[in-house]
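# A structural walkthrough
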Amino acid sequence: MSFPLKRILHVCGTLLAVIAIVFLGLRLRSYLDQIDFSTLLSSLWIYLLLLSFLFSFCNFFLVFIWYRCLEYLDVHPLFSRATWIYGISQIGKYIPGNIFHLAGRQTLGMAESLPGGKILQSIIFELGILACTGAAIFCPPFIVQYFFPSLAPGWLFGIFGMCCITVPYVAGRVLKKAVRSALIWAIFYLCSFGAAFAALLSLLTEAPLSPMELFYASTAYIVAWYVGFVTPGAPAGLGIREGVMLFLMKDIPFPEADLLLAIMLCRIVTILGDFLFFLESVGIRYISAKKDEA
């Protein structure tokens, strides 16, 4: 690829990231406007910042998924390069249209001389792995509960654990080990997603929550995320996630106001976490550039 074309692709990718930061700020402001700050403890904001910082590192799980998809396609970039490509472009998901983070990754990847066709395939594989992980690992406990409502909660946890073991094992046997690894990283990412929601819910509710209640709430949140993820035309599952959560939690004694507030705060955590991950990716890019110059 010629140098001028590489330069143009880099500029396009960077421009998308800048536009995304503007929309990210607008999204964050819209969520903040929906919260009554007088009802929140001041200490809660410390936990929100801490969770945002931790969640920014959980985004590296997504990088691992994409990196394994590239390996599956026999593309082997430096992990640091894959990280900053993913991190800088990922913030583009806040631009209306819900495809600009993918377009940005395609653009930046091609600017780094990665094969365009393989990048597109890897993105499709990554989305498929996230969708399959949600459907085959986190949805089965709720499907079983729907048909067998009297089943003890311990069985639901057992079904979830069995799915976590069997699905990656079968995928690794049928496909390559890289796919198994990608599925495992997807499980880690979605579990961290659910754990952040469970932590916020436990901070908001007055009565202490049992481990099974936290497991149920976090898994329900992941299922709600999955439904929003696969719903066409719903950016970040906006509105879908809340509706699914209210349906799944209808038989659990959680105050609806606390539930909706936890969902809103979790969105703020993920937005701040994504922005911090963007900054971390920029830092990785800067360090990599310095090493190349040395």
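Presented here is a report on the structure given in the accompanying data block. Since this is a predicted model, take the numbers as computed values, not measurements.

For the rest of this paragraph, the subject is the packing of aromatic side chains. Within the structure shown, the criterion is met by 21 aromatic pairs. A ring pair is formed by Phe55 and Tyr189, whose centres lie 6.1 Å apart and whose planes are at 45°; its orientation type is tilted. Of this pair, Phe55 sits in helix α2 (residues 42–72) while Tyr189 sits in helix α8 (residues 177–204); the two residues are 134 residues apart in sequence, bridging distant segments of the chain. As far as burial versus exposure is concerned, Phe55 and Tyr189 are alike and both buried. An angle of 25° between the planes, with centres 5.8 Å apart, marks the rings of Tyr189 and Phe193 as stacked. Note that Tyr189 and Phe193 are positioned in helix α8 at a spacing of four residues, about one turn of the helix. A residue is classified by how much of its surface remains accessible, and Tyr189, at 5% relative accessible area, is buried. Cluster of aromatic residues (ring-pair linked, three or more members): Phe55, Tyr189, Phe193, Phe197, Tyr221 and Trp225. Lying across the ring of Trp66, Arg105 places its NZ or CZ 5.1 Å from the centre.

For the rest of this paragraph, the subject is the environment of Glu112. Within the fold, Glu112 resides in the loop between α4 (100–111) and α5 (116–138). Separated by 31 residues in sequence, Glu112 and Arg81 place their C-alpha atoms 8.5 Å apart.

What counts and what doesn't
Residues numbered from 1 in each chain as written. Predicted model: local features only at pLDDT ≥ 70, side-chain atom pairs only at ≥ 80, totals over all residues. Heavy atoms only, no water. Phe/Tyr/Trp six-rings, centres within 6.5 Å; stacked < 30°, edge-to-face > 60°. Helix = DSSP H or I, 4+ residues; strand = E, 2+ residues; numbered from the N terminus. Buried < 20%, exposed > 50% of the residue type's maximum accessible area, 1.4 Å probe, protein only. Lys NZ or Arg CZ within 6 Å of the ring centre and 35° of its normal.

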